[in-house]
Amino acid sequence: MLRGSILLLSLIAPACGFAAPESPGRVGVAAAVSAVAEGWLHVDEVRSLEVGHDIWQGERVETNDAGLAQLLFIDGSTVTVGNRASLVVDDFVYDVSAQHGHLGIAMSKGVFRFVGGRLSKDGSVTVRTPTALLGIRGAIVLIEVSPEDGATTVTMLYGDHVQITTPSGGSQMIRRAGFSSSVAHDGAPSAPRRIEAGRLHDLEGLLTRSPGTAARKQATLPAKPAVARSESGATLTAAQPVAIGVTEVAIIGQAAIVLESAVTESAVTLGKSSTDTATLSAVAGTLIETPLLSQAVGASAVATDSSFVVFKPVATGQVTIGGTVLLPVSQTSTAGRTTTGSSPQATGTSAVKP
Amino acid sequence: MRMYIYVFLFIFVFFTARSVLAAALETEETPRSVALQQAFSAMMADPGNTRLTILYVDAATAAGDLEGAIGALSRLLLANPDLPAIHLRLAALYHALHSNGMAELHYRQALSLPLDPPQRQEAEHGLIELAASANPISGLVQLGVTRQSNATAGPDSQARIGGTEVTPQGKFAARPDWNSFLYASLNHSLDFDDSAGTRWDTALSLYATLQQHAAYENLTYGKLTSGPTWLVGETPAETLHLYAVAEVLGWGNAPFSTTGGIGAAWETPIDPDITSRLELEALDRSYDNRATYPTATDENGGTAIARYILSYRWQPGDVAIIRLQATDDIAQKSDWRYREWRVVPTMVHNFTGLWGADSSWQFALELQWAWRPYAGPNPTIDPAITRSDRERSAGIQLQLPIAEGLSSRTAASYLQEDSTVENFRYTNWVMATSLQLVF
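Residues numbered from 1 in each chain as written. Chains lettered and ligands numbered in written order. Predicted model: local features only at pLDDT ≥ 70, side-chain atom pairs only at ≥ 80, totals over all residues. Heavy atoms only, no water.

1. Considerations on the overall build of chain A
Phase 1 of the analysis: Along the backbone of chain A there are four helices and 26 strands.
Phase 2 of the analysis: Out of the 354 residues in chain A, the part that is buried amounts to 54%.
Phase 3 of the analysis: Residue pairs in contact within chain A that sit at least 24 positions apart in sequence constitute 51% of those at least 6 positions apart.
Phase 4 of the analysis: Accessible surface, chain A as shown: approximately 14,200 Å² in total, 53% of it carbon and sulfur. (Helix = DSSP H or I, 4+ residues; strand = E, 2+ residues; numbered from the N terminus. Buried < 20%, exposed > 50% of the residue type's maximum accessible area, 1.4 Å probe, protein only. Contact = heavy atoms within 4.5 Å. Areas by Shrake-Rupley, 256 points an atom, 1.4 Å probe, with all protein chains shown as cover.)

Here you go:
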């Protein structure tokens, strides 16, 4: 399970000079939160945002230096929040049956990606920044808001249009994918121009890769082999975390093999021996059929969220992954590393270490 | 004056159809949309569940909600930005939305990661397709043979000359024949890369037939249109194209007519799956007299054409089109002046056949009805009868893939022309087969 460092200020926090609505309601959920360093406390109502937490109307979402998050709204819209960003869900009204309503968001700083849902199809989405008001219709949009002066740059990646208006009366409309317009402090929106490929790459990078990603991987994968005792009494040992293609294996907790799979077509071979195997797809998050596993390899699978599939050995035997014997399982209840049957077999990138 | 009224009626029909269809489609619920809603609800209840997210992505893609699929897939990258399969799916989705910059970004992201051979091929092919789509030149070439039961469009039975019934003979009689034909079209689009989406579009079409026996029916036809296109309205799908038109027609191995004029085409989306297009053309035709037709210049004059085309994509690979066309021909002589009303419904179905990529086989069905009353009698034919034609036709076509860009087409059609003047009553069965190369 991934923890977040996204903080929520209280429900009545003002944003960009607009007062929060009187009756906040649930508008969506936190659909993704990156795992980085711990957050900080501002007031008593601050909470660390986690995947699955409800998002409420009037709520402010802030990220720290390495935080990333995605908010999923009830109408299907999503907002990806980059690091050092802040937004408030000003207004959300949605009639599910009629599929009409309005979504209003105030973004005070940071980089965001907005993917329009049902409300956006009608042009009922507005985004306020310190320097501009954006009307988004059926679009996927990147929005950058400078923390210094609120200068705003809008890039339409796809869609019908983005209407930009400023307090001074300036107005522009972006109707072509890949075009950007900028609004400086107290300025008018610039004529839309095609965004450079390099700039697009940089913005996407800010929205998919937090500075703490590498640290997160280190934190979840043990650097050294670990010994764990299964519920059935079997003992597992693991080699160094190995990479088979893009598959990483490690031990976490009690009697579990954590398989992190990054390739949808990646096949994982599990078996009691080199000739008694079952090959299964290891799509991230796939629920592997428990009876098949129990019969073939003497292990049952417990699916988790995110990218992890957890296996729990329930019988004796070896559990091999990708042709390389990694985990000899025996009844020896030794709290240490075992060398029983721990010979590497195939062409894995790492061998079992005694 | 009457023509302007007809154009106004067309525009009225256009706006009415647009409103009615948009309202009807808003309340439509299909099995795919129900499945999408269910998948979305499941994902909302457990947004960290990758399996449910992938199921939603699949449902959204099937239902055509590509933006929803993009939003969900982007979330997976927050947990792990180095998922090549996710980058490939995002690239394909952005590619389908014609967001080429984002598609290229994700294809290149995928290529920077460890890939298995099929994934690498998918990414590299995607980049090649993006580069090809940026090519301003496109077109097709079609080469084939046709068999017609009545290649001369000769009357089925008798004809009239000077009010007297005669039996058509020689070139004026109905005659079956084979021909070989060539059709080529070349399109060039110069994008000025401005925010208004301004581009200059030029299209050239060439068509030529070589009859096996009735050489006097050989046809050569060329049409050139060129002019600017702008984005109008609030969506990039709404465009206005103004153009100049030039046509030349050769008949029986000799020049027959030349045409020049101007046109305008306004295309607008009613719904993500419905597009309407209104075309208006004003043309001036000039004919050349010949020994076999010394009064061809009687047909000289202006022509105004209004077309309304409604396209409905009811599911990926399937399109229903209806074309309504009104023509007002103002020839020099009244016996060549006519108005024509034409209705052409067409259905195109792409499906997965015995070979080739998914949905690379295509079946098309087209029907036509036309009514064409003339302004006055032709005294040469019969001074007592004013010509009025009714045309009916039905055709089917099957297109099969052979290789990348190369396909075969087989078509069959039946045309029946009824007329108050016997000279113009005829039927024609047509069978054609051809090879087509698209580039």
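2. Examining the nonpolar core
Across soluble globular proteins, you tend to see nonpolar side chains buried next to one another.
Phase 1 of the analysis: Ranked by internal contacts, the top residues of the largest apolar core, which has 45 residues, are B:Tyr56, B:Tyr94 and B:Tyr107.
Phase 2 of the analysis: Of all the elements, helix α4 (residues 66–79) of chain B adds the most residues to this core, at seven residues.
Phase 3 of the analysis: Here B:Tyr107 is in contact with B:Leu88, B:Ala91, B:Ala92, B:His95, B:Glu122, B:Ala123, B:Gly126, B:Leu127 and B:Leu130, once residues within four sequence places are set aside.
Phase 4 of the analysis: In terms of nonpolar packing, the next biggest core, distinct from the first, is built from 37 residues, A:Leu134, A:Ile143, A:Val145 and A:Phe179 among them. (Core = buried A, V, L, I, M, F, W, Y, C linked by side-chain atoms within 4.5 Å.)

3. Let's talk about the pattern of salt bridges
Phase 1 of the analysis: Tallied over the entire structure, the rule returns 31 salt bridges over all chains.
Phase 2 of the analysis: In this structure, A:Asp65 engages A:Arg84 in a salt bridge whose closest nitrogen and oxygen atoms are separated by 3.9 Å. Highlighted residues: A:Asp65 in the loop between β5 (60–62) and β6 (69–73) and A:Arg84 in the loop between β7 (78–81) and β8 (86–95), separated in sequence by 19 residues.
Phase 3 of the analysis: Put simply, B:Arg277 and B:Glu267 hold a salt bridge, and the shortest N to O gap is 2.8 Å. (Salt bridge = Lys/Arg side-chain N within 4 Å of Asp/Glu carboxyl O.)

4. Considering the interface of chain B and chain A
Phase 1 of the analysis: With 48 residues of chain B at the contact, the number on the chain A side is 61 residues.
Phase 2 of the analysis: Together, the buried faces of chain B and chain A total about 4,300 Å²; carbon and sulfur atoms form 59% of this surface.
Phase 3 of the analysis: A per-residue breakdown of the area chain B buries against chain A is headed by B:Met44, B:Glu67 and B:Leu78, which together make up 16% of the total.
Phase 4 of the analysis: At the boundary of chain B and chain A, one finds three salt bridges. (Buried area = accessible area lost by both parts, 1.4 Å probe.)

5. Observations concerning empty space enclosed by the protein
Residue and element names in this part refer to chain B.
Phase 1 of the analysis: Within this structure, the stated rule accounts for four cavities of 30 Å³ or more.
Phase 2 of the analysis: Empty space within the largest cavity amounts to approximately 70 Å³.
Phase 3 of the analysis: If you trace the largest cavity, you find it lined by Asp335, Trp336, Gly376, Asn378, Ile381, Asp382, Ile385, Arg387, Val421 and Phe424.
Phase 4 of the analysis: By residue class, the composition of the lining of the largest cavity is five nonpolar, two polar and three charged. (1 Å grid on protein atoms, 1.4 Å probe; cavity = no way out; pocket = protein on both sides within 12 Å on 5 of 7 lines; lining within 4 Å. Points joined across faces, edges and corners; volume = space filled by probe spheres on them. Nonpolar A, V, L, I, M, F, W, Y, C, P; charged D, E, K, R; others polar.)

6. Overview of helix α6 (residues 100–111) of chain B
Phase 1 of the analysis: With 12 residues, α6(B) extends 16 Å from end C-alpha to end C-alpha; this agrees with the ideal 16 Å at 1.5 Å per step.
Phase 2 of the analysis: Within the span of α6(B), buried status applies to B:Met102, B:Ala103, B:Leu105, B:His106, B:Tyr107, B:Gln109 and B:Ala110.
Phase 3 of the analysis: Buried residues belonging to α6(B) abut β12 (152–165) and α2 (197–208) of chain A together with α4, α5 (84–96) and α7 (117–133) of chain B. (Expected span 1.5 Å × (residues − 1).)

7. What to know about the side chain of B:Thr346
Residue and element names in this part refer to chain B.
Phase 1 of the analysis: The topology assignment puts threonine 346 in strand β12 (residues 338–351).
Phase 2 of the analysis: On the accessibility criterion, threonine 346 (17% relative accessible area) is buried.
Phase 3 of the analysis: Residues contacting threonine 346, with those up to four places away along its chain left out, are Val319, Ala320, Ile321, Leu365 and Glu366.

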